[in-house]
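Report on the structure
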Amino acid sequence: VTVEVWAAEDTTPADIDAALRRLLEEQHARGQSYAPARVVNMVAVVDSSWRGEVVNRLERVGRYHPSRTILCSVEEGRATLDARATLTADGTGDPSLISVVEERVDIRLGPSHLRRLDAIVDPLILPDLTTLVWAPHGHHEAIEAMRGLADVVLLDSSDDPHPARAIKWVCSVEEHAYVVDLAWLRSTPWRERIAATFDPPEWRPALRQISKVEIRHRPDSVLSGVLLLGWFSSRLGWTPGELVPERERLHGRARAGKGEVTLSLEPVHDLGAPGLGGITVETHAGWRLSLDRGPGGLIARRRTKDGHESSWVVLGASRGEGGILGEGIRQALLRDPTYAPAVRCAGRMLT
Amino acid sequence: LATVQENPLTEGLERAPVHPTTLIIFGGTGDLAQRKLLPAVYNLAHEGALPERFNLIAVARTDQPDEQYREFARDAIEKHSRRPPDDAVLSSLLERMRYVGSSFDDPKAYEGIAKIAGELDDQAGLPFNRVFYLATAPGFFETIAQSLGERGLDTREGAEVRLVVEKPFGRDLASAQQLNRALLSVFEERQIFRIDHYLGKETVQNMLVLRFGNGIFEPLWNRSYIDNVQITAAEDIGIGTRAEYYDRSGALRDIVQNHLLQLLTILSMEPPVSFSADEVRNEKVKVLHGIKPPRPEDVPERVVRAQYAAGVAEGKEVPGYLDEQGVAPGSTTETYVALRLGIDNWRWAGVPIYLRAGKRLSRRVTEIAVTLKPVPHLALEQSGSLGVQPNQLILNVQPNEGVSLSLVAKIPGARMRVRPVNMEFAYGTSFMSQSPEAYERLILDTMRGDATLFARDDEVEAAWAIVDPILEAWENTPGPLPQYPAGSPGPPEADKILLDAAEWRPL
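A few points on the structure. Note that the structure is a prediction, hence the values are computed from the model and not measured.

On a plain count of helices and strands, chain B comes out with 13 helices and 17 strands. Evaluated residue by residue, chain B yields a buried proportion of 55% over its 507 residues. When contacts within chain B are restricted to residue pairs at least 6 apart in sequence, long-range pairs at least 24 apart make up 77% of them. Summed over all atoms, the accessible surface of chain B reaches about 21,100 Å², with 51% contributed by carbon and sulfur. Of the charged side chains in chain B, 54 are positive and 71 negative; the average position of the first set lies 4 Å away from that of the second.

For the rest of this paragraph, the subject is the interface of chain A and chain B. Contacts between chain A and chain B engage 52 residues on the former and 46 residues on the latter. Carbon and sulfur atoms supply 58% of the area that chain A and chain B bury against each other, a total of about 3,900 Å² over both sides. Between the two partners, chain A and chain B, sit two salt bridges. One salt bridge connects arginine 15 of chain B with glutamate 192 of chain A, and the closest N-O pair in it is separated by 3.3 Å. Our count for the chain A to chain B interface comes out at 12 residue pairs in polar contact (both at pLDDT 80 or more). Contributing elements (two or more residues each) for the side of chain A that touches chain B: β2 (34-36), α7 (188-197), α8 (222-236), β18 (309-315) and α9 (320-331) of chain A.

All names here are of chain B. The strand order across the open sheet built from nine strands is β16-β15-β14-β13-β7-β12-β11-β8-β17, with neighbouring strands paired in mixed fashion. The open sheet has two free edges, formed respectively by β16 (418-426) and β17 (483-485), since each of these has just one partner strand. Shown here is a sheet whose adjacent strand axes are inclined to one another by a mean of 20 degrees, direction ignored. In the sheet, strand β8 (residues 303-309) pairs with β17 via three bridges, with the strands oriented parallel. Its bridge partner lying in β17, alanine 309 is registered against proline 485.

This paragraph deals with the sheet that holds strand β6 (residues 192-194) of chain B. Residue and element names in this part refer to chain B. Strand order in this open sheet of six strands is β3-β2-β1-β4-β5-β6, and the pairing throughout is parallel. Both edges of this open sheet fall to β3 (97-101) and β6, since each of them pairs with a single strand only. Recorded for the sheet is a direction-independent mean angle of 20 degrees between the axes of neighbouring strands. Inspection of the sheet shows strand β4 (residues 129-134) paired to strand β5 (residues 161-165) by five bridges, in the parallel sense. Looking at β5, one finds that leucine 134 is bridged to valine 165. Against the sheet, helix α2 (residues 66-80) contacts β2 (54-60) and β3, and its axis sits at roughly 115 degrees relative to β3.

This part covers the packing of helix α8 (residues 243-268) of chain B against helix α9 (residues 277-290) of chain B. Residues and elements named next belong to chain B. One can describe the packing of α8 onto α9 by two numbers: an axis separation of 9 Å at closest approach and a directional angle of 110 degrees. As summarised for this structure, α8 and α9 are arranged roughly perpendicular, according to the angle between their axes. On the side of α8, the interface is formed by Leu261, Gln262, Thr265, Ile266 and Ser268, while α9 contributes Lys284, Val287 and Leu288. Of the residues in the contact of α8 with α9, the class split is four nonpolar, three polar and one charged.

Residues and elements named next belong to chain B. Strand β14 (residues 392-398) sits mainly inside the fold: seven of its seven residues count as buried. Relative to β14, strand β13 (residues 365-372) runs antiparallel, the two being bridged by six bridges. Along β14, the bridge assignment pairs valine 370 with leucine 393. Hairpin connection, β14 to strand β15 (residues 402-410): the antiparallel pair is bridged by three residues.

Formed by 150 residues in total, the largest nonpolar core has its most connected members in Phe26, Leu93 and Tyr133 of chain B. A per-element tally of this core places α8 of chain B first, with 12 residues. Beyond its immediate chain neighbours, meaning those up to four positions away, tyrosine 133 of chain B contacts Leu23, Ile24, Ile25, Phe26, Leu32, Leu37, Val164, Glu166, Ile195, Tyr439 and Ile443 of chain B. Residues Val43, Val45, Ala195 and Ile279 of chain A belong to the second largest nonpolar core, which totals 112 residues.

This part is about unusual backbone geometry. Of note, the amide linkage connecting lysine 167 of chain B to proline 168 of chain B takes the cis form, showing an omega dihedral of 0 degrees. With respect to the helices, strands and loops of the structure, proline 168 of chain B is situated in the loop between β5 and α6 (173-184). That bond from glutamine 398 of chain B to proline 399 of chain B is cis: its omega, 0 degrees, falls within 30 degrees of zero. If you trace the backbone, proline 399 of chain B turns up in the loop between β14 and β15. A positive phi angle is found at histidine 139 of chain A, which is not glycine, with a value near 50 degrees. By the secondary structure assignment, histidine 139 of chain A is in the loop between β7 (130-134) and α4 (140-145). Although it is not a glycine, arginine 360 of chain B adopts a positive phi angle of roughly 55 degrees. With respect to the helices and strands, the residue arginine 360 of chain B is situated in the loop between β12 (353-358) and β13.

Here the focus is the pattern of salt bridges. All chains considered together, the criterion is met by 57 salt bridges over all chains. Measuring nitrogen to oxygen at the nearest pair gives 2.7 Å for the salt bridge that ties arginine 186 of chain A to aspartate 156 of chain A. Residue arginine 186 of chain A is located in the loop between α6 (182-185) and α7, and its partner aspartate 156 of chain A is located in the loop between β8 (152-155) and α5 (163-174); the two are separated by 30 residues in the primary sequence. Here glutamate 218 of chain B and arginine 347 of chain B are joined by a salt bridge, their closest N and O atoms 2.9 Å apart. You can see glutamate 218 of chain B sitting in the loop between α7 (202-212) and β7 (226-234) and its partner arginine 347 of chain B sitting in the loop between β11 (336-341) and β12, a full 129 residues away along the chain. Taking relative accessible area as the criterion, arginine 347 of chain B reaches 10% and is therefore assigned buried. One salt-bridge network, in which partners are shared between bridges, spans Lys212, Glu214, Arg216, Asp292 and Arg301 of chain A.

Right, let's get into the pairing of strand β3 (residues 40-47) of chain A. Along any regular strand, the residues point their side chains to alternate faces of the sheet. Residue and element names in this part refer to chain A. Counting buried positions along β3 yields seven of eight residues, so the element is predominantly enclosed. Pairing of β3 with β7, which is carried by five bridges, proceeds in the parallel orientation. Residue asparagine 41 lies in a different strand from β7, and its bridge partner there is threonine 131. Bridging between β3 and strand β4 (residues 68-74) involves seven bridges; their strand directions are parallel. Pairing of valine 43 across the sheet is with isoleucine 70, part of β4.

Below, the discussion takes up the packing of α2 of chain B against helix α3 (residues 87-95) of chain B. Residues and elements named next belong to chain B. Two numbers describe how α2 lies on α3: the axes approach to 10 Å, and their chain directions differ by 140 degrees. With respect to α3, the element α2 is oriented oblique. Here α2 and α3 pass one another in a crossing that is right-handed. Between α2 and α3, the contacting residues are Arg70, Ala73, Arg74, Ile77 and Glu78 on the first element and Asp87, Leu90, Ser91, Leu93, Leu94 and Glu95 on the second.

Criteria and thresholds
Residues numbered from 1 in each chain as written. Chains lettered and ligands numbered in written order. Predicted model: local features only at pLDDT ≥ 70, side-chain atom pairs only at ≥ 80, totals over all residues. Heavy atoms only, no water. Helix = DSSP H or I, 4+ residues; strand = E, 2+ residues; numbered from the N terminus. Buried < 20%, exposed > 50% of the residue type's maximum accessible area, 1.4 Å probe, protein only. Contact = heavy atoms within 4.5 Å. Areas by Shrake-Rupley, 256 points an atom, 1.4 Å probe, with all protein chains shown as cover. Lys, Arg positive; Asp, Glu negative; His and termini not counted. Charge placed at Lys NZ, Arg CZ, Asp CG, Glu CD. Buried area = accessible area lost by both parts, 1.4 Å probe. Salt bridge = Lys/Arg side-chain N within 4 Å of Asp/Glu carboxyl O. Polar contact = N/O pair within 3.5 Å; in protein donor to acceptor, adjacent residues only side chain to side chain. Pairing = 2+ DSSP bridges. Axes fitted to C-alpha atoms, helices over the stretch in contact; angles between N-to-C directions. Parallel < 35°, antiparallel > 145°, perpendicular 65-115°, else oblique. Nonpolar A, V, L, I, M, F, W, Y, C, P; charged D, E, K, R; others polar. Core = buried A, V, L, I, M, F, W, Y, C linked by side-chain atoms within 4.5 Å. Left-handed = near helix turned anticlockwise from the far one by under 90°.

Okay, structure coming up:
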């Protein structure tokens, strides 16, 4: 429910800040059951022509909303700032329950503003909260400008069609902010299931015997696959070599103790959603596990070294791209110690 | 690189792997299964939190084929799940459900379970862990446990077998001891998970974090600074369709013996050396042992019981307890109880701890209020303002989950006048997600084998030892009970157990 709105043309950050304070005071005066959310500031920098699409994506994130969103739409040739501030409440209609209020500030600005985006945004972000910056349409200069303010940079390394360049960019961003990468989050269910497979103590020695990892991915999500190989390498102490293209596929090897692991990435063209389509892990002893997308979860197929085969569905709903973005926002408040080592290993595979 | 003893792949993952499990629900068509357990299992499946291989076997008296039970489960999940079910996930989950129709004292029930669970293990080529969930009337707990033992279903080579027991765990100390003996004659204590769903609530678990993760509270958390503690579980609803159960139970057994004493132990326990199940439960048991049960002759001045009379609740006129359908004529079952306890240890000696629970009260709220002692000298002007109130830390368990601290602040103006203000932390405003249902967490913990949020045998018995003398005194005191109008804050008689200038927090 929209509870308060303010808008102005050719305005200033100080005016927007003052308007936000006034809106909150007015809304508070109307009833104590309204309480502003205080979780995370999100600064999204988008192309003006794609603003509506981004707004839709943010509305579909499910349970994980930023508490204050500052949506900066970049318009060619614009020299002034127009702004609109909106407070919305999750009103249940029950006056005895707290209605949580979220704030959104829409700012229309020009490309020249991006180099000093920090000066525009600084008065509008709530201090003491994590500040997350997301620039889904490039605008690297905005991320550079936000170096001093951003705690977390949300990005999708799969957006860049050149994986090596994407990894390089991620590494440079990581020097000044924690990175949440949507391409990495798309691999979470796969990492969870692989970890679960090898979790029973009797299966753990098989981690040392892995001989082959084959990943199937949507053609535009090769980096999700490379990151997953980076995860295997960093967690299991492999030394990966360079991935070499062969037709549509990428091939490589990793040194694992005294042995070697064959790595491969294969695009699958009929996958609907971005991300991974399947993975197969084999051991020197002839044990093999495959996981593939299927209705209601991942279809698991296992062949033991004596040739016995079994299949089952690992239950789990698809999060969809909205859910992945929501997860990205939630991850701004967490820290995954395994991403950076996986990125470094992925970088070695893509040199 | 971690050693193979550790599984280096789990580092950084939010969800720890869970061994393949078959969950067997006794009472699979009952109210609890329908409203809580099946929706919780679905939500775990939706989030990908169930073990990678999972089966569910429901056991209930009605004779019906698997397909019919799956339809029942689908309806229950669609009606009670906290999120709209995903068709594909729900269908896949339902495919893993099997049904055994038999009474719980019939050997056929256990033969059926053994057969199906064995087949499922064989199909998978590995022994699944088995979790037997007793969601039945308490009268069946012993029978089921004994029958599982007699048929060798209490252990499984290469896998874990666990037993989950719903409340009520006994109806007095003697019956709880008897039940413990019966369960422990078949299962080991580490296999038994006694559910108190309050412990699955995020806000209750957060009490441990609040106390032991923040340095600000520990110096104040003792008799030198705390004046009194009030723990309230107020409901605005009546007994609904639970008259048969409730009239034999009452507020003391239904809420105080388990939920409120659990809240009390978490609030007042010493810091554990770790958060392992036994370290936490050791500290909780110490608290319960520190509470001196009231002697029967002290009960009238330390405990108040009452029943709701006709009144207005939930916006409509409602009947009194004695006029509710299914309640025995002249029943002396209490729908409200308030009591004063104390903990005899160095930290808490002399601090009154007030517990109250009731139905058909003016508001639904579960909270803990820790009232600090007033400042020793006040130079501030109090006339013309609300004045200085002692600081209160309120831990809201439901419905507005969060924590608030009342402080005094200067009223803007030329004079030094003050009034109380609140510093608030609300879950809804500080976290972006809704809390999962308590049962989701607890079911997952039973599959993981983590007993931290479950009551141990000695814990349950220590809690009954506190409540038993009250029940005994009441048995010897005929009714009728004091009445309070439905929709009111409770009986005025509750004030008489308060010491000094203490007041009940308004509901």
